[in-house]
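Chain and residue survey
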Amino acid sequence: MKIFTRDIFNSGNLPLFVAACLLTIISIVLVYSANHVATDPRLQDDWVKQIVWFLLGIVVFVATLKAPMRFHEAFAYVYYTVACVLLLGLILFGASKFGAQRWYHLGFFSFQPSEVAKVAFIFALARYLSYSRRPISHLRKIITACAMCGFITFLVLRQPDLGSAVIFTVVFSAMMFWAGLPARYLLLFYTPVISMIASSSMWAWIIFFALLIVAATLIVRRSPTFTILLVTLNLLVGALSSIAWNHLHDYQQMRIKIFLDPGQDPLGAGYQIIQSKVAIGSGGLLGKGYMAGSQNKLDYLPLRHTDFIFSVGAEEFGMLGAVVILGLFAFLFLRGIRTAMKARSEFMGLVAIGAVAALAFQMFVNIGMVVGLLPVAGVPLPFVSYGGSSLLVSWMLLGIIANVERNWMEY
Amino acid sequence: MIDQVSKTTRGRIMIGIAALVLLALAAKIVQLQVIDYQYYLQMSEENRIRLVPRTAMRGKIVDREGRALAQDRPAYTVSVIPTEVRHLQRLSEELAPLIDMDEAGIEKKIKDRRSRKHEPVAIRRDLAFASVCVIEESNELFPGVMYQLDHARTYPFGNVASHLIGYTGEVDERETQSQYRIGSMIGRAGVERTYDQPLRGIDGVDYLEVTASGRILGSLESKPNKDPVPGSELGLSLDLDLQMLCDSLFGDSLAGAAVFMDPRTGEVLAMTSKPDYDANLFSGFVPRDDYQRLASDERRPLLDRTIRGLYPPGSTAKLLTAGAALELGLIDVNTHFKPCYGGYQFGNRFFRCHKKSGHGSQDVIGAIEVSCDTYFYQVGLKLGLDNWTDYARKCGFDVVTGIDVPNEKAGHVPDEDWYNKAYGKYGWTKAVLLNLGIGQGELLVTPLSLTQFYAGVANHGKVMQPHLMRYIKSPNGEITRANPVVTRQLPFSERTLSILVEGCRRVVEGGAGTAARSRIPGIPMGGKTGTAQNPHGNEHAWFCGFAPIDNPTICGCVIVEQAGHGSVAAAPIVRDVFIRHFQKTGLLAPPAPAPIEDFIALEDLYPGHLQLR
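Residues numbered from 1 in each chain as written. Chains lettered and ligands numbered in written order. Predicted model: local features only at pLDDT ≥ 70, side-chain atom pairs only at ≥ 80, totals over all residues. Heavy atoms only, no water.

**Regarding the overall build of chain B**
The helix and strand inventory of chain B stands at 22 helices and 21 strands. Relative to all contacts within chain B whose residues are 6 or more apart in sequence, the contacts with residues 24 or more apart total 70%. By element, 52% of the accessible surface of chain B is carried by carbon and sulfur atoms, the whole surface being about 27300 Å². (Helix = DSSP H or I, 4+ residues; strand = E, 2+ residues; numbered from the N terminus. Contact = heavy atoms within 4.5 Å. Areas by Shrake-Rupley, 256 points an atom, 1.4 Å probe, with all protein chains shown as cover.)

In structure tokens form, the structure reads like this:
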């Protein structure tokens, strides 16, 4: 016990730990409120299960915090390989739920390998970037790093799990940026994605190109070849995707349209967003009071203990509650980034920034979705959404940051 | 290597990005919870948004001449919104007699809805207008109950082609395809299922503002209603005239299956499976008894025998045996074996031919013409099991044809491993070959796959994928046409095929042909009869044929269960459907008009005045 407490209290990690504990306690409180009126009796015990996951999460946290970084560094590629094998296995043997194969059923608990794969990927990419002697903008280094990211993203996309796949690319970009990759390369990476989406409408595409050319000439003045490359790539991707689009079946087009604009499916995804906004908006400044959220109680909110848990909190505790949750996250991210800045070892800095990026992006996608800023994607809110895999991995990511914080002086 | 200075800059940029993201979220939260607070509060406390789905009209299914085989007609549906029901038991008690359902059924439908309880659950579809009026009049008695003008599927020709057209049913809670709304109709069988996506269209929705007590305030200002987009029209290759004729030739007493297709394209012209059922039973509200009665009927009317019935092909498979032996050079067109004296002695067993007095000495064409078992026993022995299995597989008897109707079954082609497993390694003898050679025993085929094989023989070895869809016409007039797909090439040379076709011609046109009675004057036709042993009763009658023999435009296979000889029970059905086909295509004179029956009418009206005519 003493070993536990010493590591948490004496390493400068106490504030981090307390912030995450607060978020998890908020989670238990909200899960209880969300499900105490559930018609399905199995859901009513979810808050107890969440407590068990919380305790296990602390164990995972301490374990990650205490495991020497040198060990992770040495085994980083092994982690990556194991994660890929698990994801591959999923395609072959995984359990199907809601039309996707994302879980291994282990009797008492469904295990989602894409969650663990995030951690493995962070370690592997950090190891590669910090060990390779080539400068970061060396083409071979970029291609290898892209391949590492691309392969694992492809496996996750096959499930299909678009939400998790996007997280991998965001973590990848953050770590590449941290390793010193100039911003213009990230422009090269992300603008084709926007071009693909913008090409669905002629006007959007024209405006996008105008902006792109302005941005390219301003940011990368020095290299006209680069500007040409960027514009050509975007033109190509945009043109090809509109051709590909016409070859999709109607229902496939519909699915993509609904993903981008849930309003097109008012009875499905669009409905959830409307109800979620009503719940949050009607919470006002101070909320309707604990267990008094009418949207919540009257069963209007779908998936309210998992993906829409933030809406429950915002309805019952109002803007006050929402700001507390945002504040706790802000604190975690600030600490995380500072830890990364402080770390003397390149590997550790990269690992910390990867962990922060994973947590921050998931938070952004989840809350962005429930308030209606972003399309609906099944991404849980770290520490707060109900669910074992998500909570344990959130604590594991936090453990990584804490570990770096404790050993920041090591080279 | 990362230098410390730039690391600080990058750290600051990262913090900046995080701050921007958090600020964006905070701004949106402020907008929802402070600026628009009153609006949302009102929405949540006083009003509820009710979403009333407006089901899109399902597309028509038409035959090749545009006659509707399935279409939607307007009908009333009564729905209940679970969250607005106060006393479920009382409601179901009062509602049950009005809508002709039992109370338990109503309660179950409402209780089964575990999610989306604010959305209407369709309780009873296709309700009589009188009942709708009663519900409308006593609206306050039934909080949460509503009715809507909806659609019900009808099949104007009832039993005709019901297996392949299929039917629709409600999407239930267990089906988690996210693009389908619970309670909406989905194709459950036949082409209704295969082409559900284009047929169903896109549902619309009305956003209504409703008070907590259920009073409708009107449309929601901030959300315009969405109109439904009707489904596409599905044009089938089916010819309703041929289909109805084929159905009628089976009558109500015969069981079996028939498939007619165009060998050049794979278009299915008629497909009958008997006994059948009335597809209208499944549209809208299905009384439990009706379904039970059909499901437990021992004549199995729900089984689509054309694609799921597995039968031994009988002598119709002699073409496979002959083709393989010719192709491998084991026989040629002049090969004669031991003559037929009513059977063939193999070891200590005597294998009988169907003709007790024997066929004498035959070449391969003659053996096909008279369907001599003795000849094919010997061809089978010469061929050997491995060769036979190999050719049966190359001809596609062990795979599905890929027709666009779901749940097709593949045939069964036994091989050495299979016999070893079934009878033990030393438990079977070469005698199985004799049986396989004449199409009896362990080879099992579906009527459709046998038709495909014969269509391939008729079509110079090119085997087309059978299909029903000819085109899909979207509401805006856009037409997608089906392209003929070549499934495989039969493993026979042009010479072998011409020998097989000549055999088939002699079956119908030859003096001793087993189907000589089914000749069509003016149209040269080829075919092969079959009589398949049936362990459960009388033998099944087969006939497969194609015409005109030089350039066939139609190929058909018929099996009549427990009807004895193919020439008697099955071949006449094929002949009659062929005649109708050629009358329609102009190769034969149109049928004489039906006799005018006003004789009888006059006699009935004016008894005793008949002599005036």
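That covers the picture; the talk isn't over yet.
**Let's talk about the confidence of the model for chain B**
Residues and elements named next belong to chain B. For chain B, the average pLDDT comes to 86, and 90% of its residues sit at 70 or higher. Taken together, the stretch residues 1–5 has pLDDT below 50 and engages in eight contacts with residues farther than four places along the chain or on a different chain. Predicted confidence for residues 609–613 stays below pLDDT 50, and this span has five contacts to residues more than four positions away or in other chains. (pLDDT = per-residue confidence, 0-100.)

**A word on a negative patch on the surface**
There is a patch of like negative charges on the surface, built from Glu93(B), Glu94(B), Asp102(B) and Glu103(B). On the secondary structure map, Glu94(B) appears in helix H3 (residues 88–99). (Patch = residues over 30% accessible without salt bridge, like charges linked within 9 Å, V, L, I, M, F, W, Y side chains within 5 Å. Salt bridge = Lys/Arg side-chain N within 4 Å of Asp/Glu carboxyl O. Lys, Arg positive; Asp, Glu negative; His and termini not counted. Charge placed at Lys NZ, Arg CZ, Asp CG, Glu CD.)

**A word on the state of the cysteines**
One pass over the full model with this rule turns up one disulfide over all chains. The disulfide bridge from Cys544(B) ends at Cys557(B), spanning 2.4 Å between sulfur atoms. The sign of the 115 degrees torsion about the S-S bond sets the Cys544(B)-Cys557(B) disulfide as right-handed. Separated by 13 residues along the polypeptide, Cys544(B) in strand E20 (residues 540–547) and Cys557(B) in strand E21 (residues 554–560) bring together distant segments of the chain. Judged by relative accessible area, which is 0%, Cys544(B) ranks as buried. Take Cys149(A): it sits in no disulfide, and the sulfur closest to it among the cysteines is that of Cys146(A), at 7.0 Å. Since its relative accessible area comes to 3%, Cys149(A) is described here as buried. (Disulfide = S-S within 2.5 Å. Buried < 20%, exposed > 50% of the residue type's maximum accessible area, 1.4 Å probe, protein only.)

**Considering the pattern of salt bridges**
Applying the stated criterion across every chain, the model contains 35 salt bridges over all chains. Measuring nitrogen to oxygen at the nearest pair gives 3.7 Å for the salt bridge that ties Glu73(A) to Arg70(A). Taken together, the positions of Glu73(A) and Arg70(A), both in helix H5 (residues 69–93) and three residues apart, correspond to about one turn of that helix. Overall, Glu73(A) belongs to the buried group, its relative accessible area being 9%. For Arg70(A), a relative accessible area of 48% puts it in the partly exposed group. Linked by salt bridges that have partners in common, Arg58(B), Asp72(B), Arg153(B), Glu192(B), Asp196(B) and Arg200(B) make up one network.

**What to know about the pairing of strand E3 (residues 68–80) of chain B**
Residues and elements named next belong to chain B. Across two bridges, the pairing between strand E2 (residues 61–62) and E3 is antiparallel. By the bridge assignment, Val62 is partnered in E3 with Ala68. Linking two consecutive strands that pair antiparallel, namely E2 and E3, is a turn of five residues; a positive phi of about 85 degrees is found at Gly66 within it. With ten bridges joining them, E3 and strand E5 (residues 145–154) adopt antiparallel strand pairing. Looking at E5, one finds that Gln71 is bridged to Thr154. Pairing between E3 and strand E4 (residues 121–127): four bridges, direction antiparallel. By the bridge assignment, Tyr76 is partnered in E4 with Leu127. (Pairing = 2+ DSSP bridges.)

**Regarding the nonpolar core**
Here is a general trend for soluble globular proteins: nonpolar side chains tend to be buried in one another's company. Formed by 120 residues in total, the largest nonpolar core has its most connected members in Phe310(A), Met363(A), Phe383(A) and Trp395(A). Considering each element in turn, this core owes the most residues, 18 residues, to helix H16 (residues 346–370) of chain A. Among all residues touching Phe383(A), those that are not within four sequence positions of it are Ala20(A), Leu23(A), Thr24(A), Ser27(A), Gln50(A), Phe329(A), Leu332(A), Leu359(A), Leu391(A), Ser394(A), Trp395(A) and Leu398(A). Counting residues in each nonpolar core, the second largest holds 96 residues, with Cys372(B), Phe453(B), Trp542(B) and Ala571(B) among its members. (Core = buried A, V, L, I, M, F, W, Y, C linked by side-chain atoms within 4.5 Å.)

**Let's talk about the sheet that holds strand E12 (residues 268–274) of chain B**
Residues and elements named next belong to chain B. Reading across from one edge, E12-E11-E21-E20-E19 is the order of the five strands in this open sheet, with antiparallel pairing throughout. Single-partner strands in this sheet number two, and they are E12 and strand E19 (526–532). Averaged over all neighbouring strand pairs, the angle between strand axes comes to 5 degrees, with direction disregarded. Pairing geometry for E20 and E21, over seven bridges, is antiparallel. Looking at the pairing, Ala541 lines up with Val560 of E21. Sheet strands in contact with helix H19 (residues 494–509) are E19 and E20, and its direction is about 75 degrees off that of E19. Most of the contacts of helix H21 (residues 571–585) go to E21, to which it runs at about 150 degrees, and overall it touches strand E11 (256–261), E12, E20 and E21. (Axes fitted to C-alpha atoms, helices over the stretch in contact; angles between N-to-C directions.)

**A short note on the packing of aromatic side chains**
Residues and elements named next belong to chain A. Under the counting rule described, the total for this entry stands at 33 aromatic pairs over all chains. Here the aromatic residues Phe17, Phe54, Phe61, Phe383 and Trp395 are joined through ring pairs into a cluster of three or more. Cation over ring: Arg127 sits above Tyr131, and NZ or CZ is 4.3 Å from the ring centre. (Phe/Tyr/Trp six-rings, centres within 6.5 Å; stacked < 30°, edge-to-face > 60°. Lys NZ or Arg CZ within 6 Å of the ring centre and 35° of its normal.)

**Remarks on helix H17 (residues 388–406) of chain A**
In a regular helix each residue adds 1.5 Å, so 19 residues correspond to 27 Å; H17(A) covers 26 Å between its end C-alpha atoms and thus fits that length. For H17(A), the buried fraction is high: 17 of the 19 residues fall into the buried class. (Expected span 1.5 Å × (residues − 1).)

**A short note on the packing of helix H12 (residues 318–327) of chain B against H19(B)**
All names here are of chain B. At a minimum axis distance of 9 Å, the contact between H12 and H19 shows a crossing angle of 150 degrees. Between H12 and H19 the crossing geometry is right-handed. Where H12 abuts H19, its residues Leu319, Ala322, Gly323, Leu326 and Glu327 lie against Thr496, Ile499, Leu500 and Cys504. Across the contact of H12 with H19, the residue classes break down as six nonpolar, two polar and one charged. (Left-handed = near helix turned anticlockwise from the far one by under 90°. Nonpolar A, V, L, I, M, F, W, Y, C, P; charged D, E, K, R; others polar.)

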